[in-house]
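# A closer look at the structure
Next come the chains, spelled out residue by residue.
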Amino acid sequence: MDKVRFGIVGFGNMGTGHCKYLNAGEIEGATLAAICDIKPAKLEMAKEAYPDVALFDNHMDMFKSGKIDAVIIATPHYFHPTIGIDAFNCGINVISEKPAGVYTKQVEELIAVAKKSGLAYGMMFNQRTNPMYQKMREMVQGGELGSLYRCVWIITDWFRTQSYYDSGDWRATWDGEGGGVLLNQCPHQLDLWQWIFGMPTRIHAFCHEGKYHNIEVEDDVTAYAEYANGATGVFITTTGEAPGTNRFEITGTLGKLVAEGNTLKFTKNEVDAAEFSRTSEQGFAKPKTEYIEYKFENGGPQHKGITQNFTDHLIKGTPLLASGYEGINGLSISNAMMLSSWKNDWVNLPNDGEEFWAELQKKIASVKNREKKVVEEKIADLSDTYTSK
């Protein structure tokens, strides 16, 4: 194909953003061809903004219309895999917004259908276009830090108010969103964590639900991870702290990397620390170091960069920067963190998708049972009041 016709499912915050740059012709080789949303009010807004674009209130009608070659899925999390499966079955290429889904069992089903279709599957991991994180990956994967020892990511600048959570009845609920800070705010960081440092082999986490807000799901998390080579990792995140921190540190035998703000700092050992420890005859000696600082003016092309790369993949065969098949990695980590917290125990990776799915159903049921009990108690109170009168 020489022109990729995109459809957007979900005309919300993310969907409208994708529509704007596609319609403005900012993606070479791509055009906005259709928009789908189940809410009439959203379609009216889309009609006013894009009068020449086809509109649909059902994604299957859009997939079967012959008007699109690819779809960007920008709906609530639970629908990402189901809509993706429908798209592949209809011969439509897919970019999914993060996360890949809510639970790995569902995403595994999507992956099976995607592979069978032979179509392109991408994830909107726009942070992979950030040159600072690309540089970190290049250095770590290229061996510039030597043998890896530790990674620590403190990402606590997600501050959200109660008003934010009250803005939609699906937000921060087990049955509506499937999770909290790990599933809503952190999928990019969890993806970058494994993209740069690798997948852990097991995790022990503490996920505090409703610690800072009146919500069902986790809004404060501290997790400890172990890796096959003996390295360790710590991931700390919350939506309850202000001003918060975003600092990613990686340590190896040849030095230390620290990413914070738009700066990447490399403290480089002149010799391997492990070798120095074995051979030095001075008990308090340390390897000499060199300090290198990299400054980055911007965060890269972000969403537009992923969409351009996906378009180039379809037209020119360019390798995908963010393959959809990798979306399950970060989700596996977040599922493992939640499951570990619920069980108060270690969880191995790859984790048991069936076990997490079963435990998630219990969380959903417990909330519904609690809500039912509250309603019954209110009815009983009203009945007692009426009887006493």
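Structural data are supplied above this passage.
Every residue gets a number counted from 1 within its own chain, in the order that chain's sequence is written. Only residues with pLDDT of 70 or above have their local features reported here, since the model is predicted, and side-chain atom pairs are shown and tallied only from 80 upward, although totals for entire chains, interfaces and linings are computed over all residues. No hydrogens and no water enter the side-chain calculation; it runs on all heavy atoms of the structure.

### Observations regarding the overall build of the protein chain
Helix and strand definitions follow DSSP, with helices as H or I runs of at least four residues and strands as E runs of at least two, each counted in order from the N terminus. The helix and strand tally for the protein chain stands at 13 helices and 15 strands. When burial is assessed residue by residue, the protein chain has 49% of its 389 residues classed as buried. Any two residues whose heavy atoms approach within 4.5 Å are treated as being in contact. Taking the contacts inside the protein chain whose residues are at least 6 apart along the sequence as the reference set, 69% of them involve residues at least 24 apart. Note that accessible areas follow from Shrake-Rupley with a 1.4 Å probe, and for residues the cover is restricted to the protein chains shown. When the accessible surface of the protein chain is split by element, carbon and sulfur atoms take 50% of a total near 18400 Å². For the protein chain, the separation between the mean place of its 39 positive charges and that of its 50 negative charges on side chains is 1 Å. The buried label applies to any residue whose accessible area, calculated with a 1.4 Å probe on protein chains only, is under 20% of its type's maximum; exposed applies above 50%, and partly exposed to all values in between. In this tally, Lys and Arg are treated as positive and Asp and Glu as negative; His is ignored, and so are the chain termini. Note that the charge is assigned to NZ on lysines, CZ on arginines, CG on aspartates and CD on glutamates.

### Some words on the pattern of salt bridges
A pair is scored as a salt bridge if a Lys or Arg side-chain nitrogen falls within 4 Å of a carboxyl oxygen belonging to Asp or Glu. In this structure the tally under the stated criterion is 15 salt bridges. The salt bridge involving Lys211 is made with Asp220; its shortest N-O contact spans 3.6 Å. On the basis of relative accessibility, which here comes to 43%, the residue Lys211 falls in the partly exposed class. In this structure, the salt-bridge partner of Glu249 is Arg247, at a minimum N-O distance of 2.8 Å. The network of salt bridges with common partners includes Arg128, Asp191 and Glu326.

### Brief notes about helix 1 (residues 13-23)
Buried residues of helix 1: Gly15, His18, Cys19, Tyr21 and Leu22, and no others. Packing partners of the buried residues in helix 1 comprise strand 1 (4-9), strand 2 (30-36), strand 4 (70-73) and helix 11 (302-316). Within two residues after helix 1, Gly25 carries a phi angle of roughly 75 degrees, on the positive side.

### Thoughts on unusual backbone geometry
Residues Ala242 and Pro243 are joined by a peptide bond in cis, for which omega reads 5 degrees. For the peptide bond that leads from Leu349 to Pro350, omega is 0 degrees, which places it in the cis range. Its location among the elements puts Pro350 in the loop between strand 15 (347-348) and helix 13 (353-388). You will see that Gln302, though not glycine, has its phi angle at about 55 degrees, which is positive. Within the fold, Gln302 resides in helix 11. Positive phi, normally seen in glycine, also occurs at Asn344, with a value near 55 degrees. Mapping Asn344 onto the fold places it in the loop between helix 12 (327-343) and strand 15.

### Quick notes on the sheet that holds strand 10 (residues 232-238)
One open sheet accounts for 9 strands, arranged 14-13-12-11-7-10-9-8-15; its pairing is mixed. Looking along the sheet, the strands with just one partner apiece sit at the ends: strand 14 (289-295) and strand 15. Here a strand pair is declared whenever DSSP counts at least two bridges between the two strands. As defined by bridge partners, strand 7 (residues 148-155) adjoins strand 11 (residues 246-252) across 7 bridges and the pair is classed as antiparallel. Bridge pairing links Leu148 to Gly252 in strand 11. A fitted line through C-alpha atoms serves as each axis, taken over the contacting stretch for helices, and the angle formed by two N-to-C directions is quoted from 0 to 180°. In the packing of helix 6 (residues 131-141) onto the sheet, the strands contacted are strand 7, strand 11, strand 12 (255-260), strand 13 (263-269) and strand 14, and the crossing angle to strand 13 comes to about 20 degrees.

### Thoughts on the nonpolar core
Considering soluble globular proteins, one finds that nonpolar side chains tend to be buried as a cluster. For this analysis, a nonpolar core means a set of buried residues of the types Ala, Val, Leu, Ile, Met, Phe, Trp, Tyr and Cys, connected via side-chain atoms within 4.5 Å. Core analysis: the biggest nonpolar cluster contains 106 residues, and Val71, Trp193, Phe248, Ile250 and Met337 have the highest contact counts within it. Of the residues forming this core, the biggest block, 7 residues, is contributed by helix 12. Apart from the residues within four sequence positions on either side, Phe248 is in contact with Tyr133, Met136, Cys151, Val152, Trp153, Trp193, Ile196, Leu257, Val258 and Ala259.

### Description of the packing of aromatic side chains
Ring geometry is summarised as follows: Phe, Tyr and Trp rings, the Trp one being its six-membered ring, pair when their centres sit within 6.5 Å, and such pairs are stacked at plane angles under 30 degrees, edge-to-face over 60 and tilted between the two. Counted by the stated rule, this structure contains 13 aromatic pairs. Arranged with centres 5.6 Å apart and planes meeting at 75 degrees, the rings of Trp174 and Trp342 form a pair that is edge-to-face. In this pair, Trp174 sits in the loop between helix 7 (162-166) and helix 8 (181-184) while Trp342 sits in helix 12, placing the two residues 168 residues apart along the sequence. We classify Trp174 as buried; its relative accessible area is 3%. With 4.9 Å between their ring centres and 80 degrees between their planes, Phe197 and Tyr227 make a pair best called edge-to-face. Residue Phe197 is located in helix 9 (residues 187-197), and its partner Tyr227 is located in the loop between strand 9 (218-226) and strand 10; the two are separated by 30 residues in the primary sequence. What makes Phe197 buried here is its relative accessible area of 7%. A relative accessible area of 8% places Tyr227 in the buried class. Put simply, the rings of Tyr133, Trp153, Trp193, Phe235 and Phe248 touch in pairs and so form one group of aromatic residues. The aromatic ring of Trp357 is capped on one face by Lys105, whose charged end is 5.2 Å from the ring centroid. Above the face of the Trp346 ring, Arg202 is positioned so that its terminal group lies 3.7 Å from the ring centre. Our definition puts a charge over a ring when NZ of Lys or CZ of Arg is within 6 Å of the ring centre and also within 35 degrees of the ring normal.

### Describing the sheet that holds strand 5 (residues 93-96)
Spatially, 6 strands are ordered 3-2-1-4-5-6 in an open sheet, and the strand pairing comes out parallel. Because the sheet does not close on itself, it has two edges, and the strands there are strand 3 (54-56) and strand 6 (121-123). Direction aside, the axes of adjacent strands within the sheet are offset by 25 degrees on average. Docked against the sheet, helix 11 engages strand 1, strand 2, strand 4, strand 5 and strand 6, running at close to 135 degrees with respect to strand 1.

### A few points about the side chain of Thr238
For Thr238, the position within the fold is in strand 10. Exposure remark for Thr238: the relative accessible area of 0% places this residue in the buried category. A distance of 2.6 Å separates the side chain of Thr238 from the backbone oxygen of Asp219, its partner in a polar contact. In this structure the side chain of Thr238 is engaged in a polar contact, spanning 2.9 Å, whose partner is the backbone nitrogen of Gly240. Any N or O atom pair separated by 3.5 Å or less is treated as a polar contact, with the protein-specific requirement of one donor-capable and one acceptor-capable atom, and with residues adjacent in sequence counted only for side-chain atom pairs.

Geometric descriptors of this kind do not, in isolation, establish any biological role.
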